[in-house]
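# Structural description and commentary
Single-letter residue listing:
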Amino acid sequence: MAEFDEMALDVNFCSCLIDKADNLKVLECDSHFCDFVGIHPSKVKQGKLFLHNVLIPHERESFMRRLCKKNSPYVYINCRIKDHTGAYNFVHCTCHNMPDSTLCHITFADISQSIERSRALEAEAKEMNNLIDLVNCGVCLFKVDQNMHFEVLYANKTCYRFFGTTKEGVDLKAYHIDDLIHPGDRSLVFQSIGKCMATKKPIDIEVRIIKHRDEYIWCKMRADIHRYEDDNCPVFHAVFSDITDIKKAEAVAGKQSEMLVKVLKNVPGPIFCTEYDTPLVISVAGEYVMELIGYSRDELLGKYKGDLTNLMQPEQAMIVETALSNQLDEGKVASVTYTLHTKSGRELRVTDMRKAIDFNTGERLTIGMLRAESPATEDMDSAEPK
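The paragraphs below set out a description of the structure included in this document. If you're wondering where the values come from, they're calculated on a predicted model, not measured in any experiment. (Residues numbered from 1 in each chain as written. Predicted model: local features only at pLDDT ≥ 70, side-chain atom pairs only at ≥ 80, totals over all residues. Heavy atoms only, no water.)

## Quick notes on the overall build of the chain
Helix and strand counts for the chain stand at 11 helices and 16 strands. With 386 residues in all, the chain has 40% of them scored as buried. Looking at the chain alone, contacts between residues at least 24 apart form 47% of all its contacts between residues at least 6 apart. Summing over all exposed atoms, the chain offers an accessible surface of approximately 22500 Å²; the carbon and sulfur share of this is 53%. (Helix = DSSP H or I, 4+ residues; strand = E, 2+ residues; numbered from the N terminus. Buried < 20%, exposed > 50% of the residue type's maximum accessible area, 1.4 Å probe, protein only. Contact = heavy atoms within 4.5 Å. Areas by Shrake-Rupley, 256 points an atom, 1.4 Å probe, with all protein chains shown as cover.)

Below, the structure is given as structure tokens:
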């Protein structure tokens, strides 16, 4: 029998020499093995310990079959061994079958704690993934390779829905995110990626993600560099939020606003619109307002910024603005008469009628109409509320 040398191993390791032909009898072992299984070394010397005694019963046959596999000088087996407390511990066995012999030298590594840690980490990761999946946003990691393709490394369920794919599709790396970006937005995305890499500032853009040939969704894309790979390619973490409904609402609001502007510009009569807090600064004006005061649209809204006080005496302007604001604050249809200086130099007496308009957003505007009374006389210097 070969002499068995006790190995100076870490306490989580132990070794023994067994005879496969004698029901896995333990012939020799180190002190760590004795401490682990809870047996006195004298019992081993007396030949009273068999490896079967410490293997979990339903694993004995499998262990023996794998250990005695032909032409296998080294065999690696994971199994459970009973320790000195009677508890079974997961161990990794490195088995060296001695050539031309029925003897086998086995080193055991206790991996119970590693398995428990792995299971705990797996459970924690699974819980975290479940939480991420509950978020109504697409969360993903993607790598930008040397060819500027965006390779998905991780994605949650919402991302699968946004990108029209599955977990299997992501795992197979069957597509790239850049292939899903609307052609009209790709330049913006590539520029944003480059700017982020150069300035280290996060990305915050709106892009269209293609769902089908003629269908797409609008997404708010927020991303930043997570790390760099060994090939110096950046990996980004990103969040995609579906803003399609917001974009549709904005489009509707834009059309309504455009329609309102066109109506105000073309409706018969000198109609105009102002912000509530600046009732003498016109933001939209009809053609008849231009005709009334003699200025072009570019002159009134461009040169004078729509500010009617430029066409009034300074002291009168303050009185008019106060009178309009007071009446509007009281919920009335305001009516104030004052004098404007037309482009031709003529003084024109007008009555300004206003009504406040409230929007669901909380914004307030005023819509007004000017009515020419008569050329102003020298004593008509102040505003007269009606």
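Further notes follow.
## Some remarks on helix H7 (residues 183-199)
Look at H7: 25 Å from first C-alpha to last across 17 residues, which is about the 24 Å you get at 1.5 Å a residue. Just downstream of H7 lies Lys200, where phi reads positive at about 65°. (Expected span 1.5 Å × (residues − 1).)

## Description of unusual backbone geometry
The residue Lys200 is not glycine, and still its phi comes out positive at about 65°. When you line up the elements, Lys200 lands in the loop between H7 and strand E8 (203-212). A positive phi is found at Lys305, a non-glycine position, where the angle reads about 55°. As for its placement among the helices and strands, Lys305 is situated in the loop between helix H10 (297-303) and helix H11 (314-329).

## Section: the environment of Asn78
As for its position among the elements, Asn78 is in strand E3 (residues 74-82). On the accessibility criterion, Asn78 (51% relative accessible area) is exposed. Residues Asn78 and Phe90, spaced 12 residues apart in sequence, show a C-alpha to C-alpha distance of 7.1 Å. The contact partners of Asn78, leaving out residues within four places of it in the chain, are Val91, His92 and Ile111. One polar contact links Asn78 to His92, side chain to side chain, over a distance of 2.8 Å. (Polar contact = N/O pair within 3.5 Å; in protein donor to acceptor, adjacent residues only side chain to side chain.)

## Quick word on the pattern of salt bridges
The tally for this structure, following the rule as stated, stands at 14 salt bridges. One salt bridge in this structure joins Asp22 and Lys25, with 3.2 Å as the shortest N-O distance. With a relative accessible area of 30%, Asp22 lands in the partly exposed category. Arg80 is the partner of Glu59 in a salt bridge, and the nearest nitrogen-oxygen pair spans 3.2 Å. Note that Glu59 is positioned in the loop between helix H2 (41-45) and helix H3 (60-67) and Arg80 in strand E3, a separation of 21 residues in sequence. Of the residues examined, Glu59 reaches a relative accessible area of 17% and is grouped as buried. Taken together, the shared-partner salt bridges in this structure form one network comprising Asp204, Glu206, Lys220 and Arg222. (Salt bridge = Lys/Arg side-chain N within 4 Å of Asp/Glu carboxyl O.)

## Brief notes about the sheet that holds strand E2 (residues 25-29)
The strand order across the open sheet built from five strands is E2-E1-E5-E4-E3, with neighbouring strands paired in antiparallel fashion. For this open sheet the edge positions go to E2 and E3, each flanked by a neighbour on one side alone. Direction aside, neighbouring strands of the sheet carry axes that sit 35° apart on average. Across seven bridges, strand E4 (residues 88-97) lies against strand E5 (residues 103-110) in antiparallel orientation. Bridging from a neighbouring strand, Cys95 pairs with Ile106 of E5. (Pairing = 2+ DSSP bridges. Axes fitted to C-alpha atoms, helices over the stretch in contact; angles between N-to-C directions.)

## Concerning the pairing of strand E6 (residues 138-144)
Counted residue by residue, E6 has six buried out of seven residues, so it is predominantly covered. Both E6 and strand E10 (residues 234-242) contribute to a ladder of six bridges, which runs antiparallel. Among the inter-strand pairings, Gly138 is bridged to a residue of E10, identified as Phe240. For E6 and strand E7 (residues 150-155), the ladder comprises five bridges, and the chain directions are antiparallel.

## Points about the environment of Leu292
With respect to the secondary-structure elements, Leu292 resides in helix H9 (residues 287-293). Sequence separation of Leu292 and Gly269 is 23 residues, and the distance between their C-alpha atoms is 9.7 Å. Setting aside chain neighbours within four positions, we find Leu292 in contact with Pro270, Thr342, Leu348, Val350, Leu370 and Ala372.

## Some remarks on the side chain of Ser241
By secondary structure assignment, the location of Ser241 is in strand E10. A relative accessible area of 16% places Ser241 in the buried class. Contacts of Ser241, omitting those with residues within four sequence positions, involve Cys137, Phe162, Trp218, Cys219, Lys220 and Arg222.

## Digging into the packing of aromatic side chains
By convention here, two paired aromatic rings are described through the distance between centres and the angle between planes. Within the structure shown, the criterion is met by five aromatic pairs. On the basis of an interplanar angle of 10° and a centroid distance of 5.4 Å, the ring pair of Phe142 and Phe236 is categorised as stacked. In this pair, Phe142 sits in strand E6 while Phe236 sits in strand E10, placing the two residues 94 residues apart along the sequence. A relative accessible area of 0% places Phe236 in the buried class. Aromatic side chains Phe150 and Phe190 sit 5.8 Å apart centroid to centroid with 85° between the ring planes, which places their arrangement in the edge-to-face category. Remark: Phe190 occurs in helix H7 and Phe150 occurs in strand E7; sequence separation between them is 40 residues. Since its relative accessible area comes to 31%, Phe190 is described here as partly exposed. Put simply, the rings of Phe142, Phe150, Phe190 and Phe236 pair up and form one aromatic cluster. One residue, Arg208, lies across the ring of Tyr216, its end atom 5.5 Å from the ring centre. (Phe/Tyr/Trp six-rings, centres within 6.5 Å; stacked < 30°, edge-to-face > 60°. Lys NZ or Arg CZ within 6 Å of the ring centre and 35° of its normal.)

Structural measurements only, silent on function.
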